[in-house]
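Summary of structural features
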Amino acid sequence: QVQLVESGGGLGQPGGSLRLSCEASGIIFSDYIMAWYRQAPGKQRELIASHSPGSIRNYTDSVKGRFTISRDNAKNTVILQMNSLNPEDTGVYYCHAGLSWWGLKREYWGQGTQVIVSS
């Protein structure tokens, strides 16, 4: 049984910070690329940040310098630290685990956590 359990969403204020967490179970966590996606109201889901099993991090341009993705393989956890929040950061954030190795492809999604940035 695979589970990705997210926490940390809620109400943030412009210029403030939120910290999202995702704890995975049922997978060999260290083998997977971990990522955060966001679906803003009325928009398509987009990739926000990813973290390879090693140390390669990637960010979409709109969050560079403000968000930081990190992972702790010992805790099977991936974190999204969100600083300098804007109202445009509002949306549902989804944790994602992905694996592609030779002929094997696996991916899993968290349930999503709501983030609202408003004064």
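Residues numbered from 1 in each chain as written. Predicted model: local features only at pLDDT ≥ 70, side-chain atom pairs only at ≥ 80, totals over all residues. Heavy atoms only, no water.

**Here we look at the pairing of strand β10 (residues 104-109)**
Selection rule: For two strands to be treated as a pair, DSSP must find at least two bridges joining them. Helical segments are the DSSP runs of H or I of at least four residues, strand segments are the runs of E of at least two, and each set is numbered from the N terminus.
Where strand β9 (residues 91-101) and β10 come together, six bridges link them in antiparallel fashion. Across the sheet, residue Leu-99 finds its bridge partner in β10, namely Arg-106. Counted between consecutive antiparallel strands, the loop separating β9 from β10 contains two residues, among which Trp-102 sits at a positive phi close to 55°.

**What about the state of the cysteines?**
Rules: Counting rule for disulfides: a pair of cysteine sulfur atoms within 2.5 Å.
Taken as a whole and assessed by the stated rule, the structure comprises one disulfide. Across a sulfur-sulfur distance of 2.1 Å, Cys-22 and Cys-95 are joined as a disulfide pair. Between Cys-22 and Cys-95 the sulfur-sulfur dihedral comes to about -80°; the bridge is accordingly left-handed. You can see Cys-22 sitting in strand β3 (residues 18-25) and its partner Cys-95 sitting in strand β9, a full 73 residues away along the chain.

**Some details on the side chain of His-96**
As a reminder, the rule being used: Exposed residues in this analysis have more than 50% of their type's maximum accessible area, buried residues have under 20%, and partly exposed residues fall in between, with area computed by a 1.4 Å probe over protein chains only. Think of a polar contact as two N or O atoms within 3.5 Å of one another; within protein, one of them needs to be a possible hydrogen donor and the other a possible acceptor, and neighboring residues in sequence only count if both atoms come from side chains. Any two residues whose heavy atoms approach within 4.5 Å at even a single point are treated as in contact.
With respect to the helices, strands and loops of the structure, His-96 is situated in strand β9. We classify His-96 as buried; its relative accessible area is 8%. Here the side chain of His-96 touches Glu-107 through a polar contact of 2.8 Å, side chain to side chain. Discounting residues that sit within four places of it in the chain, His-96 has contacts with Leu-4, Ile-33, Met-34, Ala-35, Tyr-37, Glu-107, Tyr-108 and Trp-109.

**Overview of unusual backbone geometry**
Non-glycine residue Asn-76 carries a positive phi angle of around 50°. Inspection of the secondary structure puts Asn-76 in the loop between β7 (67-72) and β8 (77-82). Residue classification places Asn-76 among the partly exposed residues on the basis of a relative accessible area of 25%. A positive phi angle, near 50°, is found at Ser-84, a position not held by glycine. For Ser-84, a relative accessible area of 38% puts it in the partly exposed group.

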